[in-house]
Amino acid sequence: MEIISIILAAGKGKRMNSSLPKPLHKVAGKSLLHWLEGGLDEALVSKRIFVLGDKSEILKKHIKNSDYVIQEPQLGTGHAVKIAGEKISNLNSIILIVYADTPFISPKTIKKIIRKIENGCKISILGFETDSPNGYGRIITNQSNQVLEIIEDRDASEEVKKVKLCNSGILAGRAKDIFDYLEQVKLSNNGEYYLTDIVSICSNNKKKIGFVLGSSEELIGVNDRIDLSNAEKIIQKKLKNTLLSKGVTLVDPSSVYVSHNANLAKDVIIEPNVFIGPNVKINSNTLIRSFSYLENCSIGKKCNIGPFARIRPETEIEDNVRIGNFVEVKKSKIKNNSKVNHLSYIGDALVGHDSNVGAGTITCNYDGTNKHKTNIGNNVFIGSNSALIAPLTIKDNAIIAAGSTITKDVNANSIAVERSTQKEVKRRDLKFKK
Ligand code: UD1
Ligand code: MG
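In this text, all values refer to a predicted model and were calculated from it rather than measured experimentally.

Caption draft 1: Quick peek at the sheet that holds strand β38 (residues 415–416). Taken in spatial order, the 10 strands of this open sheet run β12-β15-β18-β21-β24-β27-β30-β33-β36-β38, and their pairing is parallel. Whereas interior strands pair on both sides, the edge strands pair on one side only; in this sheet they are β12 (249–250) and β38.

Caption draft 2: How the structure looks around the environment of F211. Within the secondary structure, F211 sits in strand β11 (residues 209–213). Of the residues examined, F211 reaches a relative accessible area of 26% and is grouped as partly exposed. For the pair F211 and S56, spaced 155 residues apart in sequence, the C-alpha to C-alpha distance is 33 Å. With residues up to four places along the chain from it excluded, the contact list for F211 reads K116, I125, G127, I139, V147 and L165.

Caption draft 3: Structural context of the sheet that holds strand β35 (residues 392–394). Spatially, eight strands are ordered β14-β17-β20-β23-β26-β29-β32-β35 in an open sheet, and the strand pairing comes out parallel. Strands with a single pairing partner mark the edges of an open sheet, and in this sheet they are β14 (263–264) and β35. In the sheet, strand β17 (residues 280–282) pairs with strand β20 (residues 297–299) via three bridges, with the strands oriented parallel. Looking at β20, one finds that I282 is bridged to I299.

Caption draft 4: A look at the packing of helix α3 (residues 77–84) against helix α6 (residues 175–183). Where α3 contacts α6, the two axes come as close as 10 Å, and the packing angle between them is 130°. Here α3 lies oblique to α6, going by the angle between them. Note on packing geometry: the crossing formed by α3 with α6 is left-handed. Residue-level inspection shows G78, V81 and K82 of α3 in contact with α6, the latter providing I178, F179, L182 and E183. For the contact of α3 with α6, the class distribution of residues is four nonpolar, one polar and two charged.

Caption draft 5: Examining the site of ligand 1 more closely. As a matter of local geometry, ligand 1 sits amid 24 residues, with Q71, G76, Y99, E152 and N167 nearest to it. Here G76 contributes a backbone N or O atom positioned 2.8 Å from an oxygen atom of ligand 1. Take E152: an N or O atom from its side chain is 2.8 Å from an oxygen atom of ligand 1. In the complex, the protein chains occlude 92% of the 760 Å² of accessible area that ligand 1 would expose alone.

Conventions and cut-offs
Residues numbered from 1 in each chain as written. Chains lettered and ligands numbered in written order. Predicted model: local features only at pLDDT ≥ 70, side-chain atom pairs only at ≥ 80, totals over all residues. Heavy atoms only, no water. Pairing = 2+ DSSP bridges. Helix = DSSP H or I, 4+ residues; strand = E, 2+ residues; numbered from the N terminus. Buried < 20%, exposed > 50% of the residue type's maximum accessible area, 1.4 Å probe, protein only. Contact = heavy atoms within 4.5 Å. Axes fitted to C-alpha atoms, helices over the stretch in contact; angles between N-to-C directions. Parallel < 35°, antiparallel > 145°, perpendicular 65-115°, else oblique. Left-handed = near helix turned anticlockwise from the far one by under 90°. Nonpolar A, V, L, I, M, F, W, Y, C, P; charged D, E, K, R; others polar. Near = heavy atom within 4 Å. Polar contact = N/O pair within 3.5 Å; in protein donor to acceptor, adjacent residues only side chain to side chain. Areas by Shrake-Rupley, 256 points an atom, 1.4 Å probe, with all protein chains shown as cover.

In C-alpha coordinates:
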(Lines give C-alpha, C1' and ligand atoms only; values in the text may rest on other atoms or scores of the structure.)
(Ligands and ions follow the chains in the order given, each with its own letter.)
Protein backbone atom coordinates (compact mmCIF):
# COMPACT_ATOMS: atom_id res chain seq x y z
CA MET A 1 0.00 0.00 0.00
CA GLU A 2 1.37 3.34 -1.05
CA ILE A 3 1.78 5.84 1.81
CA ILE A 4 2.27 9.48 0.94
CA SER A 5 2.91 12.18 3.48
CA ILE A 6 1.75 15.74 2.99
CA ILE A 7 3.90 18.14 4.97
CA LEU A 8 2.23 21.45 5.71
CA ALA A 9 4.78 24.23 5.81
CA ALA A 10 3.12 27.17 4.09
CA GLY A 11 2.05 29.13 7.15
CA LYS A 12 3.55 32.52 7.88
CA GLY A 13 4.79 31.41 11.29
CA LYS A 14 3.96 34.95 12.46
CA ARG A 15 4.32 34.07 16.10
CA MET A 16 7.99 33.19 15.58
CA ASN A 17 8.65 36.81 14.59
CA SER A 18 11.55 35.73 12.39
CA SER A 19 12.92 36.23 8.89
CA LEU A 20 13.91 32.54 8.86
CA PRO A 21 11.09 30.15 7.86
CA LYS A 22 9.77 28.35 10.95
CA PRO A 23 10.74 24.83 9.72
CA LEU A 24 14.39 25.92 9.55
CA HIS A 25 14.64 26.88 13.19
CA LYS A 26 16.79 24.39 15.03
CA VAL A 27 16.45 22.16 18.07
CA ALA A 28 19.60 20.38 19.28
CA GLY A 29 21.38 21.67 16.19
CA LYS A 30 18.92 20.13 13.68
CA SER A 31 16.15 21.98 11.85
CA LEU A 32 12.52 21.20 12.63
CA LEU A 33 12.23 20.09 9.01
CA HIS A 34 15.00 17.52 9.41
CA TRP A 35 13.57 16.24 12.69
CA LEU A 36 10.32 15.56 10.89
CA GLU A 37 11.97 13.99 7.85
CA GLY A 38 14.07 11.74 10.12
CA GLY A 39 10.91 10.40 11.80
CA LEU A 40 9.22 9.80 8.44
CA ASP A 41 12.32 8.04 7.10
CA GLU A 42 12.39 5.71 10.10
CA ALA A 43 8.69 4.97 9.66
CA LEU A 44 9.50 4.17 6.00
CA VAL A 45 7.22 6.91 4.66
CA SER A 46 9.41 7.93 1.78
CA LYS A 47 7.03 9.72 -0.58
CA ARG A 48 6.49 13.34 0.42
CA ILE A 49 4.62 16.37 -0.86
CA PHE A 50 5.48 19.66 0.77
CA VAL A 51 3.01 22.51 0.85
CA LEU A 52 5.01 25.71 0.71
CA GLY A 53 3.88 29.30 0.71
CA ASP A 54 5.48 31.93 2.85
CA LYS A 55 9.27 32.12 2.31
CA SER A 56 9.02 29.21 -0.16
CA GLU A 57 12.14 30.32 -2.07
CA ILE A 58 14.27 29.70 1.01
CA LEU A 59 12.53 26.47 1.97
CA LYS A 60 12.76 24.96 -1.51
CA LYS A 61 16.54 24.82 -1.21
CA HIS A 62 16.22 22.55 1.83
CA ILE A 63 13.86 20.06 0.24
CA LYS A 64 15.55 17.26 -1.60
CA ASN A 65 13.96 14.41 -3.57
CA SER A 66 10.43 15.53 -2.71
CA ASP A 67 7.52 17.04 -4.57
CA TYR A 68 6.08 20.36 -3.52
CA VAL A 69 3.15 22.63 -4.24
CA ILE A 70 2.84 26.33 -3.58
CA GLN A 71 -0.17 27.48 -1.57
CA GLU A 72 -0.89 31.12 -2.33
CA PRO A 73 -2.80 32.63 -0.57
CA GLN A 74 -2.70 30.51 2.57
CA LEU A 75 -6.30 29.82 3.43
CA GLY A 76 -5.80 27.32 6.22
CA THR A 77 -4.72 23.74 6.76
CA GLY A 78 -7.72 22.26 4.91
CA HIS A 79 -6.99 24.41 1.87
CA ALA A 80 -3.30 23.40 2.03
CA VAL A 81 -4.09 19.66 1.90
CA LYS A 82 -6.55 20.20 -0.96
CA ILE A 83 -3.84 21.87 -3.04
CA ALA A 84 -1.39 19.01 -2.37
CA GLY A 85 -4.06 16.74 -3.89
CA GLU A 86 -2.91 17.91 -7.34
CA LYS A 87 0.13 15.68 -6.95
CA ILE A 88 -1.73 12.53 -5.90
CA SER A 89 -2.99 10.27 -8.64
CA ASN A 90 -3.69 7.05 -6.76
CA LEU A 91 -6.77 7.84 -4.69
CA ASN A 92 -6.46 4.53 -2.87
CA SER A 93 -3.16 5.49 -1.32
CA ILE A 94 -3.01 6.32 2.37
CA ILE A 95 -2.07 9.89 3.10
CA LEU A 96 -0.45 10.99 6.26
CA ILE A 97 -0.74 14.69 7.01
CA VAL A 98 1.94 16.17 9.22
CA TYR A 99 2.77 19.73 10.20
CA ALA A 100 6.26 21.07 9.78
CA ASP A 101 5.90 22.70 13.19
CA THR A 102 5.16 19.41 14.99
CA PRO A 103 8.33 17.56 14.06
CA PHE A 104 9.22 15.23 16.94
CA ILE A 105 6.67 12.54 16.24
CA SER A 106 8.12 9.07 16.72
CA PRO A 107 8.15 6.45 13.93
CA LYS A 108 6.25 4.12 16.25
CA THR A 109 3.38 6.57 16.58
CA ILE A 110 3.34 7.25 12.83
CA LYS A 111 2.95 3.52 12.21
CA LYS A 112 0.08 3.28 14.72
CA ILE A 113 -1.92 6.02 12.94
CA ILE A 114 -1.42 4.35 9.57
CA ARG A 115 -2.39 0.94 10.93
CA LYS A 116 -5.81 2.34 11.98
CA ILE A 117 -6.55 3.11 8.32
CA GLU A 118 -5.29 -0.26 7.17
CA ASN A 119 -7.72 -1.76 9.72
CA GLY A 120 -10.74 0.04 8.28
CA CYS A 121 -11.04 3.49 9.92
CA LYS A 122 -11.97 6.30 7.53
CA ILE A 123 -9.60 8.74 9.17
CA SER A 124 -7.34 8.49 12.18
CA ILE A 125 -6.17 11.32 14.35
CA LEU A 126 -3.43 11.65 16.90
CA GLY A 127 -4.10 13.39 20.19
CA PHE A 128 -2.32 13.97 23.45
CA GLU A 129 -3.17 15.17 26.93
CA THR A 130 -1.55 18.16 28.55
CA ASP A 131 -2.08 20.48 31.49
CA SER A 132 -1.29 23.46 29.25
CA PRO A 133 -3.62 22.98 26.28
CA ASN A 134 -3.70 26.67 25.32
CA GLY A 135 -3.49 27.21 21.59
CA TYR A 136 -4.27 23.62 20.56
CA GLY A 137 -7.47 22.36 18.96
CA ARG A 138 -9.44 20.28 21.51
CA ILE A 139 -10.67 16.79 20.72
CA ILE A 140 -14.29 16.32 21.77
CA THR A 141 -15.43 12.78 22.51
CA ASN A 142 -18.72 11.24 23.65
CA GLN A 143 -19.27 9.11 26.76
CA SER A 144 -18.03 6.01 25.00
CA ASN A 145 -14.84 7.85 24.05
CA GLN A 146 -15.69 8.11 20.38
CA VAL A 147 -14.25 11.16 18.67
CA LEU A 148 -16.95 13.63 17.60
CA GLU A 149 -15.13 16.78 16.53
CA ILE A 150 -12.13 19.06 16.95
CA ILE A 151 -12.74 22.61 18.10
CA GLU A 152 -9.99 25.12 17.49
CA ASP A 153 -8.74 27.07 20.52
CA ARG A 154 -9.76 30.39 18.99
CA ASP A 155 -13.32 29.15 18.54
CA ALA A 156 -13.58 27.33 21.87
CA SER A 157 -16.04 28.25 24.61
CA GLU A 158 -14.78 28.51 28.19
CA GLU A 159 -16.15 25.02 28.77
CA VAL A 160 -14.26 23.56 25.77
CA LYS A 161 -11.07 25.35 26.74
CA LYS A 162 -10.99 23.21 29.90
CA VAL A 163 -10.63 20.05 27.78
CA LYS A 164 -7.11 18.68 28.07
CA LEU A 165 -7.25 16.29 25.14
CA CYS A 166 -5.51 18.14 22.31
CA ASN A 167 -5.12 17.66 18.59
CA SER A 168 -1.54 17.11 17.45
CA GLY A 169 -2.51 17.99 13.89
CA ILE A 170 -1.31 14.67 12.53
CA LEU A 171 -3.97 12.80 10.62
CA ALA A 172 -4.25 9.92 8.15
CA GLY A 173 -6.82 8.54 5.76
CA ARG A 174 -7.23 7.25 2.24
CA ALA A 175 -6.79 9.98 -0.35
CA LYS A 176 -10.30 9.51 -1.77
CA ASP A 177 -11.96 9.93 1.66
CA ILE A 178 -9.92 12.91 2.78
CA PHE A 179 -10.48 14.84 -0.46
CA ASP A 180 -14.16 13.94 -0.38
CA TYR A 181 -14.54 15.34 3.16
CA LEU A 182 -12.46 18.40 2.34
CA GLU A 183 -14.97 19.32 -0.39
CA GLN A 184 -17.53 19.66 2.38
CA VAL A 185 -15.45 21.89 4.70
CA LYS A 186 -16.86 25.40 5.00
CA LEU A 187 -14.95 28.61 5.52
CA SER A 188 -14.45 29.28 9.24
CA ASN A 189 -15.12 32.59 10.97
CA ASN A 190 -11.51 33.64 10.64
CA GLY A 191 -11.40 33.08 6.89
CA GLU A 192 -9.63 29.71 6.90
CA TYR A 193 -10.56 26.20 5.83
CA TYR A 194 -9.72 24.03 8.82
CA LEU A 195 -8.45 20.53 8.09
CA THR A 196 -9.74 19.62 11.53
CA ASP A 197 -13.35 20.13 10.33
CA ILE A 198 -13.20 16.84 8.43
CA VAL A 199 -13.42 15.08 11.79
CA SER A 200 -16.98 16.26 12.53
CA ILE A 201 -17.95 15.61 8.89
CA CYS A 202 -16.73 12.04 9.25
CA SER A 203 -18.47 11.47 12.60
CA ASN A 204 -21.76 13.04 11.36
CA ASN A 205 -21.64 10.48 8.55
CA LYS A 206 -21.30 7.77 11.21
CA LYS A 207 -17.93 6.69 9.85
CA LYS A 208 -15.28 5.15 12.06
CA ILE A 209 -12.60 7.54 13.34
CA GLY A 210 -9.41 6.01 14.65
CA PHE A 211 -7.79 7.64 17.65
CA VAL A 212 -4.18 7.29 18.78
CA LEU A 213 -2.94 8.81 22.02
CA GLY A 214 0.62 10.10 21.79
CA SER A 215 2.82 11.67 24.46
CA SER A 216 2.75 15.45 24.86
CA GLU A 217 6.54 15.43 24.62
CA GLU A 218 6.70 14.02 21.08
CA LEU A 219 3.79 16.17 19.95
CA ILE A 220 4.88 19.58 21.12
CA GLY A 221 3.98 22.14 18.45
CA VAL A 222 6.41 25.00 17.80
CA ASN A 223 4.54 28.23 17.20
CA ASP A 224 6.70 30.79 18.98
CA ARG A 225 10.12 31.11 20.58
CA ILE A 226 8.80 29.95 23.94
CA ASP A 227 7.61 26.71 22.33
CA LEU A 228 11.00 26.43 20.61
CA SER A 229 12.82 26.74 23.91
CA ASN A 230 10.47 24.22 25.54
CA ALA A 231 11.09 21.81 22.67
CA GLU A 232 14.84 22.25 23.15
CA LYS A 233 14.48 21.45 26.84
CA ILE A 234 12.50 18.27 26.14
CA ILE A 235 14.82 17.05 23.37
CA GLN A 236 17.95 17.82 25.39
CA LYS A 237 16.64 15.76 28.27
CA LYS A 238 15.87 12.87 25.93
CA LEU A 239 19.26 12.98 24.20
CA LYS A 240 21.14 13.18 27.49
CA ASN A 241 19.17 10.34 29.03
CA THR A 242 20.14 8.21 26.04
CA LEU A 243 23.82 9.12 26.55
CA LEU A 244 23.62 8.33 30.27
CA SER A 245 22.10 4.94 29.53
CA LYS A 246 24.95 4.22 27.11
CA GLY A 247 27.50 4.67 29.89
CA VAL A 248 28.49 8.33 29.47
CA THR A 249 28.90 10.34 32.67
CA LEU A 250 27.40 13.81 32.62
CA VAL A 251 28.39 15.26 35.97
CA ASP A 252 25.65 17.91 35.79
CA PRO A 253 23.41 17.01 32.84
CA SER A 254 21.33 20.17 33.03
CA SER A 255 24.34 22.39 32.28
CA VAL A 256 25.59 20.38 29.28
CA TYR A 257 24.30 21.05 25.75
CA VAL A 258 24.42 18.19 23.25
CA SER A 259 23.56 18.15 19.57
CA HIS A 260 21.23 15.62 18.00
CA ASN A 261 24.08 13.45 16.68
CA ALA A 262 26.54 13.56 19.58
CA ASN A 263 28.45 10.28 19.35
CA LEU A 264 29.92 9.66 22.80
CA ALA A 265 31.40 6.32 23.79
CA LYS A 266 31.23 4.44 27.06
CA ASP A 267 33.05 6.01 30.02
CA VAL A 268 33.39 9.43 28.47
CA ILE A 269 33.08 11.97 31.29
CA ILE A 270 31.66 15.42 30.62
CA GLU A 271 32.10 18.01 33.34
CA PRO A 272 29.52 20.79 33.86
CA ASN A 273 29.03 23.60 31.32
CA VAL A 274 30.23 21.93 28.16
CA PHE A 275 28.85 22.57 24.65
CA ILE A 276 28.83 19.60 22.26
CA GLY A 277 27.94 20.97 18.81
CA PRO A 278 26.95 18.94 15.75
CA ASN A 279 29.01 15.98 14.45
CA VAL A 280 31.15 15.41 17.51
CA LYS A 281 32.59 11.98 18.16
CA ILE A 282 34.33 11.26 21.45
CA ASN A 283 35.92 7.91 22.17
CA SER A 284 35.95 6.00 25.43
CA ASN A 285 37.56 7.17 28.67
CA THR A 286 38.04 10.72 27.49
CA LEU A 287 37.43 13.56 29.91
CA ILE A 288 35.94 16.84 28.66
CA ARG A 289 36.46 19.44 31.33
CA SER A 290 34.24 22.41 32.09
CA PHE A 291 33.60 25.34 29.74
CA SER A 292 34.84 23.56 26.64
CA TYR A 293 33.19 24.12 23.25
CA LEU A 294 33.38 21.36 20.63
CA GLU A 295 31.93 21.13 17.12
CA ASN A 296 32.47 18.90 14.03
CA CYS A 297 35.44 17.07 15.47
CA SER A 298 36.55 13.66 16.58
CA ILE A 299 38.43 12.93 19.79
CA GLY A 300 40.21 9.70 20.58
CA LYS A 301 40.42 7.52 23.68
CA LYS A 302 41.80 8.62 27.06
CA CYS A 303 42.16 12.27 26.09
CA ASN A 304 41.91 15.16 28.49
CA ILE A 305 40.33 18.24 26.96
CA GLY A 306 39.92 21.60 28.69
CA PRO A 307 38.89 23.29 30.87
CA PHE A 308 38.13 26.20 28.51
CA ALA A 309 39.20 24.41 25.31
CA ARG A 310 37.71 25.23 21.92
CA ILE A 311 37.80 22.42 19.37
CA ARG A 312 36.67 23.72 16.02
CA PRO A 313 35.46 21.93 12.85
CA GLU A 314 37.54 19.36 10.98
CA THR A 315 39.76 18.63 13.93
CA GLU A 316 40.89 15.09 14.59
CA ILE A 317 42.50 14.31 17.88
CA GLU A 318 43.95 10.82 18.36
CA ASP A 319 44.33 8.87 21.61
CA ASN A 320 45.81 10.00 24.90
CA VAL A 321 46.15 13.63 23.84
CA ARG A 322 45.95 16.56 26.25
CA ILE A 323 44.47 19.88 25.21
CA GLY A 324 44.58 22.31 28.09
CA ASN A 325 43.05 25.61 29.05
CA PHE A 326 42.53 28.43 26.54
CA VAL A 327 43.67 26.32 23.61
CA GLU A 328 41.90 26.65 20.26
CA VAL A 329 42.34 23.91 17.66
CA LYS A 330 40.97 24.33 14.12
CA LYS A 331 41.09 21.98 11.11
CA SER A 332 44.07 20.15 12.53
CA LYS A 333 45.16 16.64 13.36
CA ILE A 334 46.92 15.89 16.60
CA LYS A 335 48.37 12.42 16.86
CA ASN A 336 48.69 10.04 19.82
CA ASN A 337 50.24 11.15 23.13
CA SER A 338 50.82 14.78 22.15
CA LYS A 339 50.14 17.76 24.39
CA VAL A 340 49.03 21.32 23.82
CA ASN A 341 48.51 22.32 27.38
CA HIS A 342 48.18 26.08 27.64
CA LEU A 343 47.05 29.19 25.73
CA SER A 344 47.68 28.18 22.12
CA TYR A 345 46.19 28.46 18.65
CA ILE A 346 46.68 25.42 16.42
CA GLY A 347 45.08 25.94 13.01
CA ASP A 348 45.53 24.06 9.69
CA ALA A 349 48.21 21.98 11.36
CA LEU A 350 49.39 18.44 11.73
CA VAL A 351 51.03 17.60 15.04
CA GLY A 352 52.80 14.22 15.10
CA HIS A 353 52.78 11.77 17.98
CA ASP A 354 54.53 12.35 21.32
CA SER A 355 55.09 16.04 20.62
CA ASN A 356 54.77 18.86 23.10
CA VAL A 357 53.52 22.26 22.09
CA GLY A 358 54.48 24.79 24.74
CA ALA A 359 52.38 27.51 26.31
CA GLY A 360 51.47 30.40 24.06
CA THR A 361 52.47 28.74 20.77
CA ILE A 362 50.65 30.15 17.76
CA THR A 363 50.51 28.63 14.30
CA CYS A 364 50.36 31.78 12.16
CA ASN A 365 48.27 30.23 9.40
CA TYR A 366 46.76 33.29 7.72
CA ASP A 367 48.60 35.87 5.63
CA GLY A 368 45.54 38.04 5.14
CA THR A 369 44.57 36.28 1.91
CA ASN A 370 45.33 32.56 2.18
CA LYS A 371 45.53 29.92 4.84
CA HIS A 372 48.76 27.88 5.10
CA LYS A 373 49.68 24.59 6.73
CA THR A 374 52.01 23.84 9.61
CA ASN A 375 53.49 20.33 9.77
CA ILE A 376 54.94 19.37 13.09
CA GLY A 377 56.62 15.95 13.22
CA ASN A 378 56.82 13.28 15.90
CA ASN A 379 58.61 13.84 19.19
CA VAL A 380 58.93 17.55 18.56
CA PHE A 381 59.27 20.05 21.40
CA ILE A 382 57.99 23.56 20.75
CA GLY A 383 59.16 25.98 23.43
CA SER A 384 56.74 28.45 24.96
CA ASN A 385 55.66 31.60 23.16
CA SER A 386 56.78 30.47 19.73
CA ALA A 387 55.25 31.89 16.57
CA LEU A 388 55.26 29.32 13.76
CA ILE A 389 54.81 31.19 10.47
CA ALA A 390 53.13 28.86 7.95
CA PRO A 391 53.70 27.32 5.49
CA LEU A 392 56.16 25.50 7.68
CA THR A 393 57.52 22.03 8.39
CA ILE A 394 59.22 21.06 11.61
CA LYS A 395 60.64 17.57 11.29
CA ASP A 396 60.83 14.73 13.83
CA ASN A 397 62.74 15.18 17.10
CA ALA A 398 63.31 18.91 16.51
CA ILE A 399 63.32 21.45 19.32
CA ILE A 400 62.15 25.05 18.95
CA ALA A 401 63.62 27.34 21.57
CA ALA A 402 61.12 29.34 23.57
CA GLY A 403 60.23 32.77 22.23
CA SER A 404 61.26 32.00 18.64
CA THR A 405 59.55 33.24 15.52
CA ILE A 406 60.11 30.40 13.06
CA THR A 407 59.83 31.23 9.37
CA LYS A 408 61.98 28.49 7.82
CA ASP A 409 61.57 24.68 7.87
CA VAL A 410 63.44 22.96 10.69
CA ASN A 411 65.38 19.74 10.11
CA ALA A 412 64.97 16.56 12.08
CA ASN A 413 67.03 16.21 15.29
CA SER A 414 67.89 19.95 15.31
CA ILE A 415 67.37 22.86 17.66
CA ALA A 416 66.12 26.09 16.13
CA VAL A 417 66.62 29.32 18.07
CA GLU A 418 65.37 32.60 16.72
CA ARG A 419 65.65 35.45 19.17
CA SER A 420 67.96 38.36 19.69
CA THR A 421 70.86 37.85 22.06
CA GLN A 422 70.24 39.17 25.51
CA LYS A 423 72.33 42.28 26.26
CA GLU A 424 73.48 43.62 29.57
CA VAL A 425 74.78 47.07 30.41
CA LYS A 426 76.29 48.15 33.73
CA ARG A 427 73.98 50.10 35.95
CA ARG A 428 75.49 53.52 36.77
CA ASP A 429 73.69 56.23 38.73
CA LEU A 430 70.28 55.20 37.69
CA LYS A 431 67.86 56.20 40.42
CA PHE A 432 64.24 55.28 40.72
CA LYS A 433 61.70 57.58 42.29
CA LYS A 434 60.58 56.31 45.63
C1 UD1 B 1 -3.16 23.40 14.16
C2 UD1 B 1 -4.49 22.65 14.26
C3 UD1 B 1 -4.80 22.42 15.74
C4 UD1 B 1 -3.67 21.66 16.40
C5 UD1 B 1 -2.33 22.36 16.19
C6 UD1 B 1 -1.20 21.47 16.68
C7 UD1 B 1 -5.89 23.33 12.36
C8 UD1 B 1 -6.99 24.19 11.89
N9 UD1 B 1 -5.52 23.43 13.64
O10 UD1 B 1 -3.30 24.68 14.76
O11 UD1 B 1 -6.02 21.69 15.88
O12 UD1 B 1 -3.95 21.52 17.80
O13 UD1 B 1 -2.11 22.64 14.80
O14 UD1 B 1 0.02 22.14 16.62
O15 UD1 B 1 -5.38 22.55 11.58
N16 UD1 B 1 -0.22 25.77 7.21
C17 UD1 B 1 -0.22 25.73 5.83
N18 UD1 B 1 -1.12 26.50 5.16
C19 UD1 B 1 -2.04 27.29 5.78
C20 UD1 B 1 -2.02 27.31 7.20
C21 UD1 B 1 -1.12 26.53 7.89
O22 UD1 B 1 0.58 25.04 5.20
O23 UD1 B 1 -2.82 27.95 5.09
C24 UD1 B 1 0.77 24.94 7.94
C25 UD1 B 1 1.68 25.73 8.86
O26 UD1 B 1 2.86 26.09 8.19
C27 UD1 B 1 1.97 24.74 9.99
C28 UD1 B 1 0.72 23.87 10.02
O29 UD1 B 1 0.06 24.06 8.77
O30 UD1 B 1 3.08 23.91 9.72
C31 UD1 B 1 -0.24 24.24 11.15
O32 UD1 B 1 -0.61 25.60 11.04
P33 UD1 B 1 -0.67 26.56 12.31
O34 UD1 B 1 -1.10 27.88 11.87
O35 UD1 B 1 0.54 26.45 13.11
O36 UD1 B 1 -1.91 25.87 13.08
P37 UD1 B 1 -2.17 25.87 14.63
O38 UD1 B 1 -2.84 27.13 15.03
O39 UD1 B 1 -0.95 25.49 15.36
MG1 MG C 1 1.04 25.33 14.79
